[in-house]
Amino acid sequence: RHRHKEKWAATAPRIPSTRLALHHFDTSYSLHLGALWPSVRAGLLCEQKYGALLNNFAAADHVPQELELLDATDFVSEALQKAQQWQEGAAVGEVARECQEGSGDGRTVMQAEMMTQAEMSPPLCASISSKIKCYTFPKGDITRFRPARPDALGLLDYYLMDAASLLPVLALNVQPDDFVLDLCAAPGGKTLALLQTGFCGHLAANDVSISRTKRLYEILHSYVPREVKDTVSVTSYDGRDWDQVKGGTFHKVLVDVPCTTDRHSAMEEENNIFHKRRTKERQMLPMLQLQLLMAGILTTKPGGEVVYSTCSLSPLQNECVVERALDVAEAQFDIRIHVEDLSHFRMLFQDTFSFFSDCRLGELVLPHLTANFGPMYFCKLRRM
């Protein structure tokens, strides 16, 4: 008589959000990625791989040696070495070509490839900050990094993050005294990476979420000394309105937009955008992304650069948003945008990441069991 039936049906979702997300991914990404999708799917559902971004502000000279003893390597400096080797190979190839002139085409295929790579290498060296150092374990090695430790002044020695998240920062190619805007900055990994370049004349870090901005403050407090923090302004504006606050004032703008966060959506129920109550919000994401990218473009000086990025595999949130922004910029604002070629990133970082070779615009890192970083899409735009 005193028994009662638990009212679970009214409150608990019948289908877990993670299952809804996977069903959506299976439907759309199997078409987009074709034969690659099963391995990408397996990567999404397995433990993510991390990189250790060294904190240049901490007194931690012993850390590189400690990590190298564990067989971790700095993938950024490895890419720089590769670019320099291509340049040296180009010089050799040029001499060989001159020697062969007049006797037909004497270049081997390998020499031709070295020449092609070397012709690209000056922008390669120039487009990578040698001050950013991020250690990763080799492909197939799933060793975990120890937690970060404080130095004598309390600054942590490294920041653990998806190493693919550094690629948009490297693509932005911050130069000395640049005014830089991180439009959707929280939780703060990319903001910290931007500061590691040592080049930001001023960095504006904005995020609409006040609670997420608190996490950004925590990262700045844990990793950055006071004199550097003074060059950073943290705000909580709606990023879509930023151009009305400070239009046309920044040399470099990072627009790392909210997205379906595919790895999180496939693995975690908490704060999952595929929850049925968030259907409308999810459907409106491409519009929000377009508005944020347009605000980023409008807040950039003529000649300045914008990097757009997501952690989604979806072409609707990636290339389609960029293509729409190009149209809107020209039609509504008479602004011409040039899409920069980032294909050299694919060659430089292929030993660390698995790239999708068929992006119409920009580059996409695919999760893969042997290199389980990403997804990370990034595309660089120059305001003409």
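Since the structure is predicted, the reported quantities are computational estimates derived from the model, not experimental observations.

Draft legend 1. Broad picture of the packing of helix H8 (residues 189–196) against helix H9 (residues 210–223). Relative orientation of the contacting elements H8 and H9 amounts to 35°, with a least axis distance of 9 Å. Handedness of the H8/H9 crossing: right-handed. From H8, Gly-189, Thr-191, Leu-192 and Leu-195 reach across to H9, where they touch Leu-216, Ile-219, Leu-220 and Tyr-223.

Draft legend 2. Structural view of helix H3 (residues 37–44). Among all positions in H3, only Trp-37, Val-40, Gly-43 and Leu-44 are buried. Taken down its axis, H3 places every buried residue within 120° of arc, on the same side.

Draft legend 3. Spatial organisation of the pattern of salt bridges. If you walk through the whole model with that rule in mind, you get 17 salt bridges. Here Arg-144 makes a salt bridge to Glu-47, at a shortest N to O gap of 2.9 Å. Taken together, the residues span a long stretch of sequence, with Arg-144 in the loop between strand S3 (134–136) and strand S4 (158–161) and Glu-47 in the loop between H3 and strand S1 (51–54) at a distance of 97 residues. The class for Glu-47 is exposed, based on a relative accessible area of 52%. The partner of Arg-382 in a salt bridge is Glu-340, with the nearest N and O atoms 3.3 Å apart. Linking Arg-382 in strand S13 (residues 376–383) with Glu-340 in the loop between strand S10 (337–339) and helix H16 (343–348), this pair joins segments that are 42 residues apart in sequence.

Draft legend 4. The arrangement of the side chain of Thr-310 in detail. As for its placement among the helices and strands, Thr-310 is situated in strand S9 (residues 300–310). A polar contact is formed between the side chain of Thr-310 and the backbone nitrogen of Ser-312, at a distance of 3.1 Å. Aside from chain neighbours lying at most four places away, what touches Thr-310 is Asp-256, Val-257, Cys-259, Gln-317, Asn-318, Pro-375, Met-376 and Tyr-377.

Draft legend 5. Fine view of the side chain of Asp-182. With respect to the element layout, Asp-182 can be found in strand S5 (residues 178–182). Although Asp-182 is buried, it makes no salt bridge; Lys-190 carries the closest opposite charge, 7.6 Å away. A distance of 2.7 Å separates a polar atom in the side chain of Asp-182 from a polar atom in the side chain of Thr-191. Leave out the neighbours within four places in its chain, and Asp-182 touches Lys-190, Thr-191, Leu-194, Leu-203, Ala-204, Ala-205, Asn-206 and Leu-254.

Draft legend 6. Seen up close, the sheet that holds S3. Within the open sheet, the four strands sit side by side as S2-S3-S1-S4. Their pairing is antiparallel. Every interior strand has two partners, whereas the edge strands, strand S2 (73–74) and S4, have only one. Here S1 runs beside S3; their pairing, made up of two bridges, is antiparallel. Across the sheet, residue Ala-52 finds its bridge partner in S3, namely Tyr-135.

Analysis parameters
Residues numbered from 1 in each chain as written. Predicted model: local features only at pLDDT ≥ 70, side-chain atom pairs only at ≥ 80, totals over all residues. Heavy atoms only, no water. Axes fitted to C-alpha atoms, helices over the stretch in contact; angles between N-to-C directions. Helix = DSSP H or I, 4+ residues; strand = E, 2+ residues; numbered from the N terminus. Left-handed = near helix turned anticlockwise from the far one by under 90°. Contact = heavy atoms within 4.5 Å. Buried < 20%, exposed > 50% of the residue type's maximum accessible area, 1.4 Å probe, protein only. Arc of directions from axis to C-beta. Salt bridge = Lys/Arg side-chain N within 4 Å of Asp/Glu carboxyl O. Polar contact = N/O pair within 3.5 Å; in protein donor to acceptor, adjacent residues only side chain to side chain. Lys, Arg positive; Asp, Glu negative; His and termini not counted. Pairing = 2+ DSSP bridges.

All we've got here are geometric facts, nothing functional implied.
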